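# Results of the structural survey
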Amino acid sequence: MEVFTFGISQLVMSFVGVVIGIIFGALPGMTATMAIAIFLPLTYAYDLTTSLFLLLGLYVGGISGGLIPAILINIPGTPSSICTGFDGYPMAKRGEALRALRIGITASLIGGLISLACLWFFTPPLARVAINFSSIEKFLIILFALTIIAALSKGAMIKGIFAGFLGVLIALVGQFADNNKMRMVPDLFRVDLRMGFQLLPVLIGLFALVQIFQEAETGMKEEHRKMDLNHETRSFSFKDFKGQGFNLLRSGLIGTFVGVLPGVGGSAASLLSYSQAKSMSKHPEKFGTGLIDGLIASEGSNNGLTGGALIPLLSLGIPGDSTTAVLIGAFMLQGIQVGPLFIMNNPEIWRAILIALGLANILMFVIMFYPIKHIVKVINFPKTRIYPVIILLCTVGSYATQNGNMFDVWAMVFFGLVGYVLWKFGFSIPSFLIGFILGDDLEKYFVDSIKGSGGNLATFFSRPIGNVIWVLILISLAYAFYDEYKSNKKAKKAKA
Amino acid sequence: MLRISYKPSTSHWLFPPIIMGILVFLMVIMLIQRAFKCKKQGKPFLNFKNYHFFVANWDTVRLPGSLVLLLLYIPAMNLLGFLPASILFIFLFNVLFVGLGQLASIPVAFKTKKFWSNPDFRSLLISLIISVVGSTVIWFLFGQVFKITLP
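Residues numbered from 1 in each chain as written. Chains lettered and ligands numbered in written order. Predicted model: local features only at pLDDT ≥ 70, side-chain atom pairs only at ≥ 80, totals over all residues. Heavy atoms only, no water.

### What about the overall build of chain B?
When helices and strands are tallied, chain B shows five helices and zero strands. Overall, chain B shows an N-to-C arrangement of helices and strands of α-α-α-α-α. The C-alpha radius of gyration computed for chain B amounts to 26 Å, which surpasses the reference 15 Å derived for 151 residues by more than 25%, pointing to a less compact arrangement than a globule. When the backbone C-alpha atoms are referred to their principal axes, chain B occupies close to 85 × 50 × 20 Å. In chain B, buried positions account for 34% of the 151 residues. Across chain B, contacts joining residues at least 24 apart in sequence account for 40% of those joining residues at least 6 apart. Surface exposure of chain B reaches about 9,400 Å², of which carbon and sulfur atoms provide 72%. (Helix = DSSP H or I, 4+ residues; strand = E, 2+ residues; numbered from the N terminus. Rg over C-alpha atoms; globule rule 2.2 N^0.38 Å. Buried < 20%, exposed > 50% of the residue type's maximum accessible area, 1.4 Å probe, protein only. Contact = heavy atoms within 4.5 Å. Areas by Shrake-Rupley, 256 points an atom, 1.4 Å probe, with all protein chains shown as cover.)

Right under this line is the structure:
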């Protein structure tokens, strides 16, 4: 049996990842995705298993750190903490900030561990099913992922689909592997774009530079942040969790389930879990007034997302959210393909992922629970001082993609501008990135299916599992239309 | 049922036209949607007069400034080398993001001989410290410890 090495360097990587992740999560405007995108180049220096300890630490820390500003200043540090402030902030206002933070941290740990258990149990059987997939089913699964992205672009469904397919088109730029011929490449860039646009400059541009441009447009204003943790009216006790077992389990499972759905973000997990907790509560009227049930629901679900989002990534090769889309980059950089054969071909990396995720959750708890009083000072870091260093890290990361190519740095700036323009016109940037990541495989499996059938398009309806996926695609599209209709109706009602 | 003719020599142009077709189709849908919306609201289809790409009161210094600095930083790395160019540009980014107004403190600080106690000049010194320390740490950590190729 192959085992991976676990030692001090993995522990240190995980620790560093969690700490940096918490800082990124705690600073409004910076996300776990951004942290992973920026620190991805460090994976060149290490093997994948060691790098995963850093990246998963960044992921867990980034999601968890969001609760700090959500509770203290009612600004979610990450979209995943959107509901944390609903009850966390009223608790802080009545002098229970530390209690709220510690309840949130504990709920995060439990949610993370629930999702880890789901990842452990459900990924291998799902991969075993997917192993029998032919190129037809693989093509349809990717198509399904693209329709789900669209379905969840609330109120802007067509724009969501458009962004996804635009990403696919950009992924096709360069040489086609079957006949080694170039397409969609201007003569000037024939050498630089032979292998197409590299993933790292694209995602760094989309997730780091766009954020900096957005902040620069509004003048990089710092919010006035004031907190007082020295006059607590009530302190934390583990007894606070009495009677919260079902809420914790449900929130962890909701987070995991939402994480499994490709393209759904942490904000959806938080909102769904919060609304479930409210609707099933005996006292729903108290939600939003500083009730710990709401805080637990939000924080339990958003950390549940971490393991859930890894399930489709590791079993089908489809990213569950924008952060796992970035994580694909880490695997690609090491030449490892995620998908149905991943666990079978890389059992040591699979075990490393499980241990790294568990360790990251435990470290997150240890790092945050007692020192939280000091960690909260992180939110006082001015963005104006952090962004220049981030620009430097982005440049280094992009340049290192192909072992030193200035074209990739230009590509990063180009995609930063593309992302900024897409955002300005209301197109979803994560949809674009997921389309870009899946585009190559979408084409490969489409062409393979066509080759196998002699060009007959009926082949896409010839296999039973394929037909089940078609049904899922239709359900997803029908849901998208229904949801779009509902969102528009709601918006009209709100206007009137 | 529809058939697609597959020829290995032209297979690289099999898929891109399909995606382009889907994009054109989606664009037409978006235009139709917009036409209906505009008709319903009684607004013209093309309304450049009231259109604003940037938010109201957008920062006319920081946004174009950051773009210009980014575009200059890339050739500067070729010209000056990674570390000197990074120190210079990270300092300039700091000054740009914190506020160009602090530059006015330079003659005042030298005239009054008060450097650290002058808040604007102190801010400039902090920018300098961040740029030197930040760039050197990243150069050392990435380039020397992790052996990552730097510009």
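### Here we look at the overall build of chain A
Of the regular secondary structure elements, chain A holds 20 helices and two strands. Its C-alpha atoms give chain A a radius of gyration of 22 Å, within 12% of the compact-globule value 23 Å for 496 residues. Projected onto the principal axes, the alpha-carbon positions of chain A cover approximately 75 × 60 × 45 Å. Every one of the 496 residues in chain A was classed for burial, and the buried ones make up 64%. Pairs at least 24 apart in sequence give 79% of the contacts found in chain A among residues at least 6 apart. Approximately 18,500 Å² of chain A is accessible, and the part contributed by carbon and sulfur atoms is 65%.

### Side note on the UniProt feature "domain: DUF1468" (unreviewed entry) in chain B
As annotated by UniProt and renumbered to match this structure, "domain: DUF1468" (unreviewed entry) occupies residues 14-151 of chain B. A helix fraction of 70% and a strand fraction of 0% characterise residues 14-151 of chain B, whose end C-alpha atoms lie 38 Å from each other. (UniProt positions renumbered as here; feature names shortened; annotations may be inferred.)

### Observations regarding the nonpolar core
With 195 residues, the main nonpolar core has A:I68, A:L119, A:F197, A:L314, A:F331, A:I353 and A:I390 as its most contacted residues. The biggest single contributor to this core is helix α15 (residues 347-369) of chain A, with 15 residues. Taken domain by domain, this core gets at least three of its residues from each of domain 1 (8-45) and domain 2 (74-151) of chain B. Filtering out sequence-adjacent residues up to four positions away, A:I68 remains in contact with A:I22, A:A26, A:L101, A:M368, A:I372, A:I375, A:V376 and A:I379. Core analysis: the next-biggest nonpolar cluster, separate from the first, contains six residues, A:Y274, A:A277, A:F287 and A:L291 among them. (Core = buried A, V, L, I, M, F, W, Y, C linked by side-chain atoms within 4.5 Å. Domains from an automatic or database assignment.)

### Let's talk about the packing of aromatic side chains
All names here are of chain A. Enumeration over the complete set of coordinates arrives at 33 aromatic pairs over all chains. Aromatic pair F197 and F407: ring centres 6.5 Å apart, planes at 20°, arrangement stacked. Highlighted residues: F197 in the loop between β2 (181-183) and α9 (199-217) and F407 in helix α18 (residues 406-424), separated in sequence by 210 residues. Against the face of F369 rests R102, its NZ or CZ located 5.4 Å from the ring centre. Positioned above the aromatic ring of F427 is the side chain of K159, whose terminal nitrogen or guanidinium carbon lies 5.4 Å from the ring centre. (Phe/Tyr/Trp six-rings, centres within 6.5 Å; stacked < 30°, edge-to-face > 60°. Lys NZ or Arg CZ within 6 Å of the ring centre and 35° of its normal.)

### Description of unusual backbone geometry
Residues and elements named next belong to chain B. In this structure, N57 takes a positive phi of about 55° despite not being glycine. Here N57 shows up in the loop between α1 (16-41) and α2 (62-80). For K113, which is not a glycine, the phi torsion comes out positive at approximately 60°. By secondary structure assignment, the location of K113 is in the loop between α4 (105-112) and α5 (119-145). Note on K113: relative accessible area 65%, which makes it exposed.

### Quick word on the pattern of salt bridges
Residue and element names in this part refer to chain A. Scanning all chains against the criterion turns up 13 salt bridges over all chains. Here E96 makes a salt bridge to R99, at a shortest N to O gap of 2.6 Å. Of the two residues, E96 and R99, both sit in the buried class. Note that R234 is salt-bridged to D240, the shortest N-O span being 3.7 Å. For R234, a relative accessible area of 44% corresponds to the partly exposed category. Within the structure, one salt-bridge network assembled from shared partners comprises R94, E96, R99, R234 and D240. (Salt bridge = Lys/Arg side-chain N within 4 Å of Asp/Glu carboxyl O.)

### Topic: the UniProt feature "transmembrane region" (unreviewed entry) in chain B
Residues and elements named next belong to chain B. Here, UniProt's "transmembrane region" (unreviewed entry) annotation points to residues 12-32, 53-74, 80-100 and 121-142. With 81% helix and 0% strand, the stretch residues 12-32 has end C-alpha atoms that lie 32 Å from each other. Split by type, residues 53-74 is 59% helix and 0% strand. Its first and last C-alpha atoms lie 27 Å apart.

### Observations regarding the interface of chain A and chain B
At the interface, 69 residues of chain A touch 63 residues of chain B. Between chain A and chain B, a total of about 5,700 Å² is buried, with carbon and sulfur atoms accounting for 79% of that surface. Together, A:I158, A:R385 and A:L392 form the three largest contributors to the area buried by chain A at its contact with chain B, with a combined 12%. If you look at where chain A meets chain B, you find zero salt bridges. (Buried area = accessible area lost by both parts, 1.4 Å probe.)

### Structural notes on a nonpolar patch on the surface
Residues and elements named next belong to chain B. A surface patch of nonpolar side chains, amounting to about 930 Å² of accessible area, comprises W116, I126, L128, I129, V132, V133, V137, W139, F140, L141 and V145. By secondary structure assignment, the location of W139 is in helix α5. According to the relative accessible area criterion, W139 is partly exposed, its value standing at 31%. (Patch = residues over 30% accessible without salt bridge, like charges linked within 9 Å, V, L, I, M, F, W, Y side chains within 5 Å.)

### Comments concerning the packing of helix α2 (residues 32-39) of chain A against helix α17 (residues 383-400) of chain A
Residues and elements named next belong to chain A. At a closest axis distance of 9 Å, the pairing of α2 and α17 adopts a crossing angle of 45°. Classified by the angle between their axes, α2 and α17 sit oblique to one another. The element α2 and its partner α17 pack so that their crossing is left-handed. Every residue of α17 that contacts α2 at M34, I38 and F39 is listed here: Y387, I390, L393 and C394. (Axes fitted to C-alpha atoms, helices over the stretch in contact; angles between N-to-C directions. Parallel < 35°, antiparallel > 145°, perpendicular 65-115°, else oblique. Left-handed = near helix turned anticlockwise from the far one by under 90°.)

### Section: the environment of A:I22
All names here are of chain A. Position of I22 relative to the elements: it lies in helix α1 (residues 8-26). Assessed through its relative accessible area of 2%, I22 is described here as buried. Residues contacting I22, with those up to four places away along its chain left out, are G61, G62, G65, I68, I367, M368 and I375.

### Quick word on the domain arrangement of chain B
If you check the domain split of chain B, you get domain 1 (8-45) and domain 2 (74-151). Using only C-alpha atoms to locate each centre, domain 1 of chain B and domain 2 of chain B end up separated by 47 Å.

### Notes on the confidence of the model for chain B
Model confidence for chain B is summarised by a mean pLDDT of 91, while 99% of its residues fall at 70 or above. Per-residue pLDDT, averaged within each element of chain B, yields its smallest value for α4(B) (91) and its largest for helix α3 (residues 82-98) of chain B (96). (pLDDT = per-residue confidence, 0-100.)

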